[in-house]
Amino acid sequence: MTERVVRYKEIKGAADCRYDGVSLGEVMLRFDPYDVPTPLARDMRVFQGGGETNVACGLAYTFGLRTAVLTALVDDEAGKNIRNQLRTAGVDTSRIIWFNTARDGSRFSTDGKGTLMNGVNFTFVGKGVIPSSTCYYRAHTPVRELRKGDFDWGGLFGKDGVRVFNTGGIYTLISPTSAELALEAAQAANRHGTFVAADLNYRSKVEPDKNRARQINQAIAPYIGFLVGNDSDLNDALGYETKVAKGAGFEGWFEAYQGTVRKVAKDFPNLSLIGTQWRGATDADTIDWGAVLYDVAADAFHAAAVRRSIPILDRTGGGDSFCSGVLAALLKAKDLDAAVQWGAAH
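None of the values given here were measured: they were computed from a predicted structure.

Asks: Help me understand empty space enclosed by the protein, please; the structure alone is not making it clear to me.
Replies: Empty pockets left among the atoms are what a rolling probe the size of a water molecule brings to light. All chains considered together, the criterion is met by two cavities of 30 Å³ or more. As a volume, the largest cavity reaches approximately 60 Å³. Forming the walls of the largest cavity are T167, G168, G169, T172, A198, D199, L200, N217, I220, A221 and I224. Elements with a contribution of two residues or more to the lining of the largest cavity: β10 (162-168), β11 (195-199) and α5 (210-220). In terms of residue class, the lining of the largest cavity is made up of five nonpolar, five polar and one charged. The calculated volume of the second largest cavity comes to roughly 50 Å³. Within the lining of the second largest cavity, the residues separate by chemical class into five nonpolar, four polar and one charged.

Written as structure tokens, this is what we have:
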């Protein structure tokens, strides 16, 4: 075991591990009202999703890799729906912590009236000039109750073996105990030679206090190998401002972003990769799309081809898809030019 942070070139071989990727985070039921804003909707589609666990889903469903999620659900019909959707994506759900509804006084128990409830969100993707909108119900979810010691890290990272572990800035800020659990996980992963990735993914609805967000993320960042964050995330969640004009095109944004990323890399020398997808929205249906990936040791930026005026159905989870695309390329021994293209395309 090692105390230092694992670099991307040191990712373990598949034969040495049970899992290619494991994600720690929240999973919610997403209600999608098609192309009608939620207040006017009468019919909806149902999906599962979570900022961190979407990475496990992408690695499994798109790239055929072996993944698992670390989360908590109430053992009811909604929880089983989420579980079944994860299984359909090819994700191992055996490590989910279930809260029974018997109110039996045990550590993982609640009642049947919803004192703890599986998270729900209503997400309208936008249409034309009408912007996207999301309404969350996550203040009393079981995953907020998890704390240090709830998972057997030695069994997971040591005995079974994990090549890549990821978490993110939604989960770390979601409760008073979530940051400590994420930090415990990242430290354990590094001790056992597992590469750690995290998406800053700042959401003001989760934590409106940016100072608290920065304090927590700055404490976890020293244990990360691959940091995902756009210019606003790096400012809101870490405190690094990128001076770029609002609405700037890719070229102007990229020039400014490079300077910010180099500052982050200097302050956190444990990082071996920093990157993000880039979006330039025309309206809710059309977008310019790109991605960049910074190799810290080589001081080299890799940029995906910028695709202009692309029709798009749903931008939700674009950063999660970028993260899983990059990680999939690394897990399949591709170079960084391929990794950033996979991240942009996924």
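Picking up after the structure, the text goes on.
Asks: Just to check I follow, could you spell out the sheet that holds strand β9 (residues 133-137) for this structure?
Replies: Two strands in a sheet stick together by hydrogen bonds in their backbones, pointing the same way (parallel) or opposite ways (antiparallel). Read across the sheet, four strands follow the order β3-β2-β8-β9 without closing on themselves; strand pairing throughout is mixed. One side of each edge strand has no neighbouring strand; the edge strands of this open sheet are β3 (45-49) and β9. For this sheet the average axis-to-axis angle between neighbouring strands, irrespective of direction, equals 25°. Across the sheet, helix α2 (residues 77-88) is in contact with β2 (28-32) and β3; its angle to β3 comes to roughly 75°.

Asks: What is the right way to read the packing of aromatic side chains from this model?
Replies: To describe a pair of aromatic rings, you give the distance between the ring centres and the angle between the ring planes. Following the criterion strictly, the structure yields 15 aromatic pairs and no others. Note on F122 and Y137: the rings are 6.2 Å apart at their centroids and 85° apart in plane angle, and the pair reads as edge-to-face. Note that F122 is positioned in strand β8 (residues 120-124) and Y137 in strand β9, a separation of 15 residues in sequence. By relative accessible area, which is 45% here, Y137 ends up partly exposed. Following the ring pairs from residue to residue traces out a cluster consisting of F250, W253, F254, Y257, W278, Y294 and F301.

Asks: Explain the nonpolar core here, please?
Replies: Nonpolar side chains tend toward joint burial in soluble globular proteins. Residues L24, W153, F165, L234, V264 and I274 are the most contacted members of the largest nonpolar core, which totals 59 residues. Apart from residues lying up to four places away in sequence, F165 is in contact with V22, L24, L70, F157, A185, A186, A189, T194, F195, V196 and A197. Judged by nonpolar contacts, the second largest core, of 31 residues, contains I11, F195, L273 and L293.

Asks: What is the right way to read the side chain of D111 from this model?
Replies: Structurally, D111 is set in the loop between β7 (97-99) and β8. Among buried charged residues, D111 stands out as having no salt bridge; its nearest opposite-charge side chain is R103, 4.2 Å away. A distance of 3.1 Å separates the side chain of D111 from the backbone nitrogen of K113, its partner in a polar contact. A polar contact of 2.5 Å, which involves the side chain of D111, links it to the side chain of T115.

Asks: Can you help me understand the environment of A179 in this one?
Replies: Tracing the backbone through its elements, the reader meets A179 in helix α4 (residues 178-191). A residue is classified by how much of its surface remains accessible, and A179, at 13% relative accessible area, is buried. Residues A179 and K9 lie 170 residues apart in sequence; the distance between their C-alpha atoms is 27 Å. Look past the residues within four positions of A179 in its chain and what remains in contact with it is T172, I216 and I220.

Asks: Where do I start with the pattern of salt bridges in this structure?
Replies: A side chain with one charge can pair with a side chain of the opposite charge if their charged atoms come near. With the rule as written, the count across this model stands at 16 salt bridges. When the shortest N-O distance is used, the salt bridge between R45 and D32 registers 3.0 Å. You can see R45 sitting in strand β3 and its partner D32 sitting in strand β2, a full 13 residues away along the chain. Looking at R45, the relative accessible area reads 35%, which means it is partly exposed. Given the relative accessible area of 2%, D32 is considered buried. Ionic pairing is found between R308 and E251, a salt bridge with its closest N-O pair at 3.0 Å. Pair noted here: R308 is in strand β16 (residues 307-311) and E251 is in helix α7 (residues 250-267), with a separation of 57 residues, a long-range link. Judged by relative accessible area, which is 41%, R308 ranks as partly exposed. Residues participating in the shared-partner salt-bridge network are R18, D92, R95 and D160.

Calculation criteria
- Residues numbered from 1 in each chain as written.
- Predicted model: local features only at pLDDT ≥ 70, side-chain atom pairs only at ≥ 80, totals over all residues.
- Heavy atoms only, no water.
- 1 Å grid on protein atoms, 1.4 Å probe; cavity = no way out; pocket = protein on both sides within 12 Å on 5 of 7 lines; lining within 4 Å.
- Points joined across faces, edges and corners; volume = space filled by probe spheres on them.
- Helix = DSSP H or I, 4+ residues; strand = E, 2+ residues; numbered from the N terminus.
- Nonpolar A, V, L, I, M, F, W, Y, C, P; charged D, E, K, R; others polar.
- Pairing = 2+ DSSP bridges.
- Axes fitted to C-alpha atoms, helices over the stretch in contact; angles between N-to-C directions.
- Contact = heavy atoms within 4.5 Å.
- Phe/Tyr/Trp six-rings, centres within 6.5 Å; stacked < 30°, edge-to-face > 60°.
- Buried < 20%, exposed > 50% of the residue type's maximum accessible area, 1.4 Å probe, protein only.
- Core = buried A, V, L, I, M, F, W, Y, C linked by side-chain atoms within 4.5 Å.
- Lys, Arg positive; Asp, Glu negative; His and termini not counted.
- Salt bridge = Lys/Arg side-chain N within 4 Å of Asp/Glu carboxyl O.
- Polar contact = N/O pair within 3.5 Å; in protein donor to acceptor, adjacent residues only side chain to side chain.

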